[in-house]
Amino acid sequence: MDELIRKALFKPYLKLNKQSSETQPESWPECRSLLILHEGNSPTLAYFEAAIRSRFPGTVCQLVDTLTTPSIEVDKGTAIVVIRFISTEWQREIVRNIDDLSQVVYFMDDDLFDPSALTALPKAYRTKIIRRSAAQHRWLTTYCDTIWVSTPWLANKYAHLNPDVVPAQPTPRLLAVTRPVKIAYHGSSSHQAEKYWLREVVEGVLSQCPQASFEIFGEHEIYKLYRDLPRVTVLHPMSWQNYLDYTQHHRVDIGLAPLLESEFNMARGPVKFYDFVRMGAVGVYSNCAPYSDFIEQNVNGVLLNNDPQKWIDTLSLLVNSGQKRQALANNAKEYTYSLMH
């Protein structure tokens, strides 16, 4: 099937039916507005949006996610930049408004025109790109005024298209380095109910605290439960020896130890307290045995009833109070040493 698609594609290489970029200025001041069409959030959009905007000075720019936006209102003089792929539905939408558009530009940051360049990619990914490229090939040749590419290599390969090179232009936000507040739940497979219970808590904290991140141990079922949330890492369960080594070298700010009511949980001991001390974290625990008789509230840890909103509120306060977290973690460490003597 790849060979059939390859024969049908770009032979010879893509040739624009509309005027080439040789006849186009670097920017079009007559453009009144700019629509950047993209599919979801992606590295391409993040690193090239500012550079694309700079080609249209003085215009009002709107990002349009074609995965969630079915149609557009187009003003006369609008320019459109298509990033990587354009669905058949959106191809028709642009054609419907073509007389009102000042320019249609296609931008790519990978070699999407030449199927032979994709041979080293995994088959499923390669086939997807080839099929999507084939589906938009005729439309690109008919309706795009010019091609923009991300690198001189692509510009040289497709020199017959007279493409413009638009280099990446990261914004200060992309370059900013912030220290995240790491929150961990290292429950084993016997804590499946707690992992489901925490889903609401994690989502609530993430929405209130952009600096918060979570790591959770779990199998594929737990990965699927949390995969739609940002800044959540699901780690594969480890053997005890690997976990011990991991936690001896891994720093965490807040450790979570929720316990739901069950006969099995009634026999548990407060061992998570020591895991948190080893990682330098303050522990937040369910206000029940074995923690309610072991933790001194707001001294060497935090005890909470199993109310998700209470956990969200308390964790959000801790995330935003580094001094409080450090004091509780230090007290927990000192308490551990006192038990050893």
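See the structure above.
Residues numbered from 1 in each chain as written. Predicted model: local features only at pLDDT ≥ 70, side-chain atom pairs only at ≥ 80, totals over all residues. Heavy atoms only, no water.

Peer 1: Any chance you could explain the pairing of strand S10 (residues 254–257) here in plain terms?
Peer 2: Successive residues of a regular strand alternate their side chains across the two faces of the sheet. Both faces of S10 are covered, namely the face carrying Ile254 and Leu256 and the face carrying Gly255 and Ala257. With two bridges connecting them, strand S7 (residues 181–185) and S10 associate as parallel partners. If you follow Ile183 over to S10, its bridge partner there is Ile254. The pairing of S10 with strand S11 (residues 282–286) spans four bridges and is classified as parallel. By the bridge assignment, Ala257 is partnered in S11 with Tyr285. In this region the chain leaves S10, passes through helix H10 (residues 271–278) and returns to the parallel neighbour S11; the handedness of that crossover is right-handed. (Buried < 20%, exposed > 50% of the residue type's maximum accessible area, 1.4 Å probe, protein only. Helix = DSSP H or I, 4+ residues; strand = E, 2+ residues; numbered from the N terminus. Pairing = 2+ DSSP bridges. Right-handed = clockwise from strand over helix to strand, strands pointing away.)

Peer 1: Please clarify how the sheet that holds S11 should be interpreted in this entry.
Peer 2: To summarise the sheet geometry, strands pair through backbone hydrogen bonds and adopt either a parallel or an antiparallel arrangement. Ordered in space as S9-S8-S7-S10-S11-S12, the six strands form an open sheet in which the pairing is parallel. With partners counted over all chains shown, the strands left at the sheet margins are strand S9 (232–235) and strand S12 (302–304), one partner each. On average, each strand axis in the sheet is tilted by 20° relative to the strand beside it, whichever way the strands run. With three bridges connecting them, S11 and S12 associate as parallel partners. Its bridge partner lying in S12, Val284 is registered against Val302. Most of the contacts of helix H7 (residues 192–208) go to strand S8 (residues 212–217), to which it runs at about 170°, and overall it touches S7, S8, S9 and S10. Sheet contacts for helix H11 (residues 308–319): S7, S8, S10, S11 and S12; angle to S10, the most-contacted strand, approximately 165°. (Axes fitted to C-alpha atoms, helices over the stretch in contact; angles between N-to-C directions. Contact = heavy atoms within 4.5 Å.)

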